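# Topology and contacts: notes
Read off the chains here:
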Amino acid sequence: MNVLGIEGTAWNLSLSVVNEEEVVVMVSEAYLPKEGGINPREASQHHTEKIPLLLRKIFEKFPRDRVDAIAFSQGPGLGPCLRVTATAARLLSLKLSKPLVGVNHCLAHVEIGRWMTKARNPVTLYVSGGNSQVIAKKGGRYRVFGETLDIGIGNAIDKLARSFGLPHPGGPKIEQLAKKGEKYYQLPYIVKGMDFSFSGMVTAAERLYGKAKIEDIAFSFQETAFAMLTEVTERAMAYLGYDEMLLVGGVGANERLQRMLREMCEDRNAKFFAPPKEYMGDNGAMIAYTGLLMLENGYQTPIEKSFVKPNFRIEEVPIVWP
Ligand code: ATP
Ligand code: FE2
């Protein structure tokens with residue numbers, strides 16, 4: 001089965017065709033804010049403007065009459081962005097007379113990670129701009145064992161970068177700065193039960209600006225935030241007795257975070273998995289692949305139920321595949 005997937009929950013508009021064996025094709029257009037962080041209205045305008053181009057590109061590489069189904073990101077995400085891609089998906093489904101399936105974006109991050117790495121039943125750390133969650137499958141659902149109480153780790157890093165005057169996205173730049181940091185400044189380490197919080201850390205780190213070197217602030221921020229994430233991930237693994245861990249989401253590209261998690265896994269004789277960078281952040285292939293899994297297991301989304309769900313939770317989807 002060839003599934004065309006459409007992702008556009010936030011910054012990346014991305015279309016891909018996937019079958020059981022491979023990602024056949026993927027085309028993407030990233031929205032980069034001119035200043036500040038992601039503006040939902042501007043991002044949705046970007047997607048509106050670019051979707052005809054991406055549709056043309058993908059059908060040049062893959063004939064439309066071989067598409068068997070359409071999958072789209074139904075949520076969570078930015079409302080205006082979700083509506084653009086959902087509308088395109090509905091139209092394609094009607095025009096090609098092929099089934100439609102609405103996919104949970106967080107579930108898609110997890111499933112493409114498992115597909116690419118062959119992890120069987122991991123504890124997943126999903127770290128992106130808008131989300132930070134520790135997820136594991138238990139009793140036919142993915143459940144969230146811990147998550148951020150305020151902003152996602154990616155947004156926290158992007159905010160810190162902006163206060164240094166660096167353009168969006170700040171993640172890769174903070175990573176490079178942190179590599180040159182030497183001095184550790186203590187920042188609030190906030191883990192409450194299995195949940196964590198980042199906005200207080202950002203404020204504390206911003207207060208160091210002008211007093212400490214930005215390399216040292218970036219280093220201290222990463223060390224503190226990533227230790228919090230590693231602690232909660234390890235606790236979930238110990239509690240569940242799972243011996244695999246999977247890292248997904250845009251922040252997963254960070255080498256320091258990967259190293260901390262890998263060391264934690266080695267200490268407990270667990271296996272650490274991370275998909276290639278291309279499939280860590282938002283991408284169309286993850287939506288197409290999860291759509292394929294769902295369709296093969298009897299899921300479909302009739303047009304009248306294809307409204308977007310900006311607060312869609314991963315727990316809402318019954319998981320009937322292994
Ligand atoms: P979601 O809708 O799942 O919240 P998202 O829209 O935030 O996803 P992603 O592509 O998953 O999109 O993640 C983007 C985030 O990843 C940005 O905050 C960006 O700064 C961050 N990021 C990218 N590379 C790195 C890196 N090397 N180190 C830290 N953060 C990074
Ligand atoms: Fe994402």
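Predicted, not measured: the structure shown is a model, and the values here were computed from it.

Cut-off values and rules
Residues numbered from 1 in each chain as written. Chains lettered and ligands numbered in written order. Predicted model: local features only at pLDDT ≥ 70, side-chain atom pairs only at ≥ 80, totals over all residues. Heavy atoms only, no water. Pairing = 2+ DSSP bridges. Helix = DSSP H or I, 4+ residues; strand = E, 2+ residues; numbered from the N terminus. Axes fitted to C-alpha atoms, helices over the stretch in contact; angles between N-to-C directions. Contact = heavy atoms within 4.5 Å. Near = heavy atom within 4 Å. Polar contact = N/O pair within 3.5 Å; in protein donor to acceptor, adjacent residues only side chain to side chain. Areas by Shrake-Rupley, 256 points an atom, 1.4 Å probe, with all protein chains shown as cover. Nonpolar A, V, L, I, M, F, W, Y, C, P; charged D, E, K, R; others polar. Parallel < 35°, antiparallel > 145°, perpendicular 65-115°, else oblique. Left-handed = near helix turned anticlockwise from the far one by under 90°. Phe/Tyr/Trp six-rings, centres within 6.5 Å; stacked < 30°, edge-to-face > 60°. Lys NZ or Arg CZ within 6 Å of the ring centre and 35° of its normal. Patch = residues over 30% accessible without salt bridge, like charges linked within 9 Å, V, L, I, M, F, W, Y side chains within 5 Å. Salt bridge = Lys/Arg side-chain N within 4 Å of Asp/Glu carboxyl O. Lys, Arg positive; Asp, Glu negative; His and termini not counted. Charge placed at Lys NZ, Arg CZ, Asp CG, Glu CD. Buried < 20%, exposed > 50% of the residue type's maximum accessible area, 1.4 Å probe, protein only. Arc of directions from axis to C-beta.

So, about the sheet that holds strand S8 (residues 141-147). Strands belonging to one sheet form pairs held by backbone hydrogen bonds; the direction of such a pair is parallel or antiparallel. Strand order in this open sheet of five strands is S8-S7-S6-S11-S12, and the pairing throughout is mixed. Looking at the sheet topology across the chains shown, the edges are occupied by S8 and strand S12 (271-273). Strand after strand, the sheet turns through a mean of 25 degrees between neighbouring axes, direction not considered. With four bridges connecting them, strand S6 (residues 123-127) and strand S11 (residues 244-248) associate as parallel partners. Pairing of Thr124 across the sheet is with Leu246, part of S11. Of the strands in this sheet, S6, strand S7 (132-138), S8 and S11 are in contact with helix H7 (residues 214-240), which crosses S6 at around 155 degrees.

Let us now look at the site of ligand 1. Neighbouring residues of ligand 1: 23 residues in total, closest Tyr126, Ser128, Gly129, Asp158 and Glu175. In this structure, an oxygen atom belonging to ligand 1 sits 3.1 Å away from a main-chain N or O atom of Gly171. A distance of 3.5 Å is found between an oxygen atom of ligand 1 and a backbone nitrogen or oxygen belonging to Val251. For ligand 1, whose accessible area on its own is 650 Å², the fraction buried by protein is 90%. It is helix H5 (residues 171-179) that provides the largest number of residues to the shell around ligand 1, a total of three residues. When grouped by side-chain class, the residues that make up the shell around ligand 1 number six nonpolar, 14 polar and three charged.

Here we take up the packing of helix H4 (residues 153-163) against helix H6 (residues 199-208). Packing of H4 against H6 leaves a shortest axis separation of 10 Å and a crossing angle of 20 degrees. In terms of their interaxial angle, H4 and H6 are classed as roughly parallel. The hand of the H4/H6 crossing is right-handed. Facing H4, whose interface residues are Ala156, Lys159, Leu160 and Ser163, H6 presents Val202, Ala205 and Glu206.

Along the chain, Glu175 turns up in helix H5. Here Glu255 takes part through its backbone nitrogen, which lies 2.7 Å from a polar atom of the side chain of Glu175. Non-local contacts of Glu175, meaning those with residues more than four positions away in its chain, are made with Gln222, Ala253, Asn254, Glu255 and Arg256.

Turning our eyes to something else, we now look at the packing of aromatic side chains. The tally for this structure, following the rule as stated, stands at five aromatic pairs. Their ring planes at 55 degrees and their centres at 6.3 Å tell us that Phe145 and Tyr239 sit as a pair that is tilted. Of this pair, Phe145 sits in strand S8 while Tyr239 is found in helix H7, placing the two residues 94 residues apart along the sequence. A cation sits over an aromatic face here: Lys309 above Phe312, 4.3 Å from the ring centre.

Together, Glu20, Glu21, Glu22, Asp68 and Glu296 give the surface a local cluster of negative charge. Classification of Glu22 as partly exposed rests on a relative accessible area of 43%.

So, about H6. Within the span of H6, buried status applies to Met201, Val202, Ala204, Ala205 and Leu208. Seen end-on, H6 carries its buried residues on one side only, within an arc spanning 165 degrees. Elements in contact with the buried residues of H6: H4 and H7. Just downstream of H6, Gly210 is the residue with a positive phi angle, here 95 degrees.

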